[in-house]
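A look at the structure
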Amino acid sequence: MPVIAVIGAQWGDEGKGKVVDLLAEKTKIVVRFSGGDNAGHTVVNPYGEFGLHLIPSGIFSSGVTCIIGNGMVINPAVLIDEIDQLNQRGVDTSRLVISDRAHLVMPYHLLLDGLEEKSRGGKALGTTKKGIGPAFADKAARLGIRTSDLLDKEVLLERLRSILDYKNTILTKVYRVSPLSFNEVYNQYCQYGERLAPYIRETTIMLEEALARGELVLLEGAQGTLLDPDFGTYPYTTSSSPLAGGGCLGSGVSPTRINHILGVFKAYCTRVGSGPMPTELKDDTGDLIRERAHEYGTTTGRPRRCGWFDAVAARFSTRINGFTGAAITRLDILDTFPHLKICVGYKLDGKTIDYFPSSVATLEKCQPIYEELPGWQTPITDIRQFEQLPVEARQYVSKLEEIISSPVNLICVGPRREQTIDKMPIL
Ligand code: GDP
Ligand code: IMO
Ligand code: MG
């Protein structure tokens, strides 16, 4: 089974980091393929607890090469800090590789992310303000600076001079803020280049050779399907594709090579930032989930919006990703509830619909139709065999399996690597 894609199936923060850390033990290469340091992937393993933003979650497994893929945008300051922090905590980062095609987050991207959000007023998207949207916009506009540009100071100088002139015009004329100093930005990025040069490489050959040897490659998704710029709740989305298809584009692995597409679903739903979320609970139950699960963003610390599992959104996610299996995370968070709800349809203008509308205005009007299931009201964090779960928990998982129309491979019952039920082993 050479390539497994691990994909966020909801609005992000499903627990991809935990699942990748777990699977990476049997892997040779892990590639992160989308987003940048808007992502926050929590890993809890024998090294401790980590919140990774740019480095793939396979970094803790010895012998695993971790690639920051071409589809990512990299803030070099954040990456260097992440490398240093991991090293200080005894984690070896010598197997880290940065694609020479990945784009850089520049200081003007960070500034513009904040300024654009401010200018949206009450319609702010709730971005992470990490410069991600502006960096991907520049990539599409052919105004990006890539990691390979850091390797040649002359190339960097030429590229930065013309682009910074243009960006400074926008900063001063449109937003009426001070321009950035060319020398400061240039010198800073030359320093970053010197530090990161040993990691920057062409990566498609490395992947092709690994696949030819029959080695296992994991594609580590960031964000979640419902934040995809095409299929998510546009414009309340991110700016690169978290989908399985995005996994190919952002890594250089062909679609024909992917054998297993693992959708990572939380046992309920969360969302951070603005935009519609039909099952959001703005009541005590929502607060209870948030506090029990400590649902606060790994990247921004913002409280996550919490709600019941949305089967309409899950079926949509399955359709556009083609999941061949699923990981259900945080099942333990539901341990105390006497009753659980799953949204099986939406009420829209008096009619019942079972599809996920493309327009946010329509989605805002959708009211969830719930089916109620009994809770199990007993702790499950120490259970490691599916058969040992309470019958109500098994029923809940079976219901999710039916909705996702693919087998549940893994069930997570706690944040630590070993708090996992290998229901149908992938490897
Ligand atoms: P990611 O962005 O998809 O990697 O997810 P995050 O790391 O942002 O958020 C997932 C949170 O859930 C993290 O705090 C994880 O440590 C935690 N987590 C993952 N799986 C489980 C689980 O099964 N149970 C509990 N209680 N926590 C989990
Ligand atoms: P991981 O990989 C959850 C959300 C932001 C905001 C929207 C746009 O940890 O699952 P951006 O900064 O990308 O322009 O923000 O996308 N968002 C995430 N939400 N998890 C993430 O990543 C996210 N990355 C971006 O909160 O609503
Ligand atoms: Mg996260």
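What this report covers is the structure whose coordinates are included nearby.

Right, let's get into the environment of Ala-222. Among the structural elements, Ala-222 can be located in the loop between β10 (217-220) and α8 (244-249). For Ala-222, a relative accessible area of 0% translates into the label buried. On a C-alpha basis, the gap between Ala-222 and Val-6 in space is 8.9 Å, while along the polypeptide they are 216 residues apart. The contact partners of Ala-222, leaving out residues within four places of it in the chain, are Lys-16, Arg-32, Ser-34, Ala-39, His-41 and Pro-242.

This part is about the state of the cysteines. In protein chemistry, a disulfide is the covalent bond that joins the sulfur atoms of two cysteines. All told, the structure shown has zero disulfides when counted by the stated rule. You can see Cys-248 has no disulfide; the closest cysteine sulfur is in Cys-66, sitting 19 Å from it. Here Cys-306 stays free of any disulfide, with the sulfur of Cys-269 as its closest cysteine sulfur at 9.8 Å.

This part takes up the pattern of salt bridges. This model, assessed by the stated rule, comprises 22 salt bridges. For the salt bridge of Arg-330 with Glu-295, the shortest nitrogen-to-oxygen distance reads 2.6 Å. Of this pair, Arg-330 sits in the loop between β15 (325-329) and β16 (339-348) while Glu-295 sits in the loop between α9 (284-293) and β13 (305-307), placing them 35 residues apart in sequence. Judged by its relative accessible area of 0%, Glu-295 is buried. Salt-bridge contacts for Asp-349 lead to Lys-365; the nearest nitrogen and oxygen are separated by 3.6 Å. Here Asp-349 is found in the loop between β16 and β17 (351-353), whereas its partner Lys-365 is found in helix α11 (residues 360-365), with 16 residues between them in sequence. Residue Asp-349 is classed as exposed on the basis of its relative accessible area, which comes to 58%.

Turning to the coordination of the magnesium ion (ligand 3), a few remarks are in order. Note on the magnesium ion (ligand 3): its protein donors are Asp-13 (OD) and Gly-40 (O). The metal-donor distances range over 2.1 to 2.2 Å. Taken together, the residues Asp-13 in the loop between β1 (3-8) and α1 (16-24) and Gly-40 in the loop between β2 (29-32) and β3 (41-45) connect sequence positions 27 residues apart. Residue classification places Asp-13 among the partly exposed positions, given a relative accessible area of 22%. On the basis of relative accessibility, which here comes to 10%, the residue Gly-40 falls in the buried class.

Now for α1. With respect to burial, α1 is a largely interior element, nine of its nine residues being buried. Among all positions in α1, only Lys-16, Gly-17, Lys-18, Val-19, Val-20, Asp-21, Leu-22, Leu-23 and Ala-24 are buried.

This brings us to the sheet that holds β2. Taken in spatial order, the 10 strands of this open sheet run β9-β7-β5-β2-β10-β1-β11-β15-β19-β20, and their pairing is mixed. Where the open sheet ends on each side, the last strands, each with one partner, are β9 (200-201) and β20 (420-422). Across four bridges, the pairing between β2 and strand β5 (residues 65-68) is parallel. By the bridge assignment for β5, Val-31 is matched with Ile-67.

A separate point is unusual backbone geometry. Along the chain, Tyr-234 connects to Pro-235 via a cis peptide bond; the corresponding omega equals 5°. Topologically, Pro-235 is positioned in the loop between β10 and α8. Although it is not a glycine, Arg-176 adopts a positive phi angle of roughly 55°. Topologically, Arg-176 is positioned in the loop between α5 (153-174) and α6 (182-196).

Here the focus is the site of ligand 2. Around ligand 2 lies a shell of 20 residues, among which Asp-13, Lys-16, His-41, Thr-128 and Thr-238 are the nearest. Here an oxygen atom of ligand 2 and a side-chain polar atom of Thr-128 are 2.6 Å apart. A distance of 2.9 Å separates an oxygen atom of ligand 2 from a polar side-chain atom of Arg-302. Protein coverage of the free-state accessible area of ligand 2, which is 550 Å², stands at 98%. Its residues placed into classes, the shell around ligand 2 shows six nonpolar, 11 polar and three charged.

Conventions used here
Residues numbered from 1 in each chain as written. Chains lettered and ligands numbered in written order. Predicted model: local features only at pLDDT ≥ 70, side-chain atom pairs only at ≥ 80, totals over all residues. Heavy atoms only, no water. Helix = DSSP H or I, 4+ residues; strand = E, 2+ residues; numbered from the N terminus. Buried < 20%, exposed > 50% of the residue type's maximum accessible area, 1.4 Å probe, protein only. Contact = heavy atoms within 4.5 Å. Disulfide = S-S within 2.5 Å. Salt bridge = Lys/Arg side-chain N within 4 Å of Asp/Glu carboxyl O. Donors = N, O, S within 2.8 Å, 3.2 Å for Na, K, Ca; no water. Pairing = 2+ DSSP bridges. Near = heavy atom within 4 Å. Polar contact = N/O pair within 3.5 Å; in protein donor to acceptor, adjacent residues only side chain to side chain. Areas by Shrake-Rupley, 256 points an atom, 1.4 Å probe, with all protein chains shown as cover. Nonpolar A, V, L, I, M, F, W, Y, C, P; charged D, E, K, R; others polar.

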